[in-house]
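This is what each chain is made of:
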Amino acid sequence: MALRSVSRRLGSRILNHRSFVASLHSHATSFGFQEVKEEDKSKLVGNVFTNVASSYDIMNDVMSGGLHRLWKERLVGKLSPFAGMKHLDVAGGTGDVAFRIYDAIYSVKRRALQKVDEASLEETQIYVCDINPNMLNVGKQRAAERGLRDNKSLVWVEGNAEALSFDNNSMDGYTIAFGIRNVTHIEKALAEAYRVLKRGGRFLCLELSHVDIPIFKNLYDLYSFQVIPHLGELIAGDKESYQYLVESVRRFPPQEKFASMIADAGFEKVEYENLVGGVVAIHSGIKL
Amino acid sequence: MYRTAAKRLLGGGGAFTATRLLRFPKLRSTIIPSSYTSGLCTSSVGGNAESPMGGNQSVNPNQSDHTASSSSSTSTGEGPRRDESRKPRAEFQEEQARVLSASLRHVPRLGWTEEAMMAGSRDVGVSPSIVGSFSRKEAALVEFFMDECLQLLMDKIDSGLDLQNLIPSARIAKLIRIRLEMQVPYMSKWPQALSIQAHPLNVATSFKQRAMLVDEIWHAVGDGASDLDWYVKRTILGGVYSTTEIYMLTDDSLEHRDTWAFLDDRVKDAFDLKKSIQEARYFAQDIGAGVGKSVQGLMNGVMQTMSRRSGGTTF
């Protein structure tokens, strides 16, 4: 897997405001390639995740060939978690990213190498927020398996990315991994992210994105539309959900557009990094 | 490049605004206060475009990277500037400079590490998360310090040091001494800084910074050479500076007296070296001349013998 960092400078965006709004509106009313009413989208998405919750992790492994672990490692590496941080992982139901952050902060090796203030270690709070209670339950279960059931640092919260229940300027970090695609109104989620972050806090988004490389793009499309739904059928017993998944990836704004949306929400130093030629992209920004 | 060329282009005065720091984009001294110029652009390996302050309408979209490199260069997003912003949008570069500057205070205690930078960020009132976004984190701090010191040196030179009454070797010694004294507060952690600078990822930048420093010193000494000598002079001075710097790491004498004695010796050696090279060159020329004469004499003799033998015919 070739990790290629590509950042774009956001020059003056001579965006046609109307078409911009139109494409966002289309995200709000699109359920994959279907057109749906805005009010219905979140319910439909909710159904998808209720259906796939139990086999979510194994499907991730199968679909990405295990690569999703590396992508999440990279995300957490970029975040550089520190002891005492207040972190919010949105749409992080099954806890993949949250556990990695927890490990990064509490790892014995790290504590040995760096002088970590034990008191600040106690203050660490990792909030896992998800709109779907089934996904949260899977996450809590996995926490219990790791012996973190009663750990005060991990907090599981049910909530909507578009209307978070956290205070302004309360978070040092905000991550959303493979979740922003499913949000009805992306700008609202971004605005909420901006609101809850402290000054200097970082926003990181890991998401399936657009591939531009000629031949690779065709292979990827073939894989997405021919293979993944059938895998979904086979393993999760749910073809439609995975059809929705691959379609929603295509409907999501491309890297540059999404980066400009993040900048519009108020973030500074907005960059993105393509992984696997654009199959996945990590967008980042800082609130100043 | 560097100040020598810049001065030649602009004929002296106003050198400060004309100085083109290699790693950084063009200084817009009207916008960026001088105390921050040294801290810019540590977030990218190559040069990158500046972003305007709050109040400007748009980013310059056409600036290209100064150095072609495959690694990322930063981009800055701005919110909608169409509506007048509620608060002035702090530049990321400025924030970074501010954080790094505040971090320096913690370096003697915590070293050139992320902890120092996080402590610095807390001092400034910014979440420590921001440290995660500095590229090559510890290197950013070290490079910021190096730039600050260079800036300080340049300011000192501009504000008038009494260099005219000294011979060149004494001038060089004085300037190096001034520069090295800036590192004294951090001496306990300086080996760590050196090792960070020696790291493969950081070597390119640290080399450039040292090159600029050496160029600056030679320029202040009054050297305007731009032929091959230029490289030789700077290499030698770079060597003198580095060896003195390393000597200083283990010097316990009062006020680093031993280091300055060492420095004077090295500078003297360098100048002696210059003389010795010159002497060697003359010697080689003489020998060459001598050998040439004898070979010529030999050839003449051979020619005469051959012409006599062939009965006086000449061709």
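Anyway, here's the lowdown on the structure attached to this text. Numbering of residues starts from 1 in every chain and runs along the sequence as written. The lettering of chains begins at A and the numbering of ligands begins at 1, in the order of writing. Selection of residues for local features in this predicted model requires a pLDDT of at least 70, selection of side-chain atom pairs for listing and counting requires 80 or more, and totals for whole chains, interfaces and linings are taken over all residues. Heavy atoms from the whole structure form the basis of all side-chain values; hydrogens and water molecules are not counted.

Description of the pattern of salt bridges
Item 1. A pairing counts as a salt bridge when a side-chain nitrogen of Lys or Arg comes within 4 Å of a carboxyl oxygen of Asp or Glu. The full count for this structure, using the stated rule, is 25 salt bridges over all chains.
Item 2. A salt bridge links Lys269(A) to Glu271(A); the shortest N-O distance between them is 3.7 Å. Each member of the pair, Lys269(A) as well as Glu271(A), is classed as buried.
Item 3. The partner of Asp272(B) in a salt bridge is Lys268(B), with the nearest N and O atoms 3.9 Å apart. Categorising residues by exposure relies on relative accessible area from a 1.4 Å probe, with only protein chains included: less than 20% of the type maximum marks a residue as buried, more than 50% marks it as exposed, and the intermediate range marks it as partly exposed.

What about the side chain of Asn202(B)?
Residue and element names in this part refer to chain B.
Item 1. Helix numbering and strand numbering both begin at the N terminus, where a helix is a DSSP run of H or I of at least 4 residues and a strand a DSSP run of E of at least 2. As for its position among the elements, asparagine 202 is in helix α10 (residues 200-221).
Item 2. For asparagine 202, a relative accessible area of 7% corresponds to the buried category.
Item 3. Contact criterion: two residues are considered in contact whenever any of their non-hydrogen atoms come within 4.5 Å of each other. With residues near it in sequence (within four places) discarded, asparagine 202 still touches Arg136, Ala139, Glu143, Ile196 and Gln197.

A look at helix α10 (residues 214-236) of chain A
Residues and elements named next belong to chain A.
Item 1. Between the first and last C-alpha of α10 there are 31 Å, a value that for 23 residues agrees with the 33 Å anticipated at 1.5 Å per step.
Item 2. Note on bend: at a given residue it equals the angle between the axes fitted to the 7 residues ending there and to the 7 starting there. Taking the largest bend as the criterion, α10 deviates by roughly 35°, centred on valine 227, and proline proline 229 comes between one and four positions later.
Item 3. Buried residues of α10: Tyr220, Ser224, Ile228, Pro229, Leu231 and Gly232, and no others.
Item 4. In the core, the buried residues of α10 are packed alongside α3 (56-64), β8 (197-208) and α11 (239-251).
Item 5. Following α10 by one or two positions, glycine 237 adopts a phi angle in the positive range, close to 70°. The span one expects for a helix is its residue count, reduced by one, times 1.5 Å.

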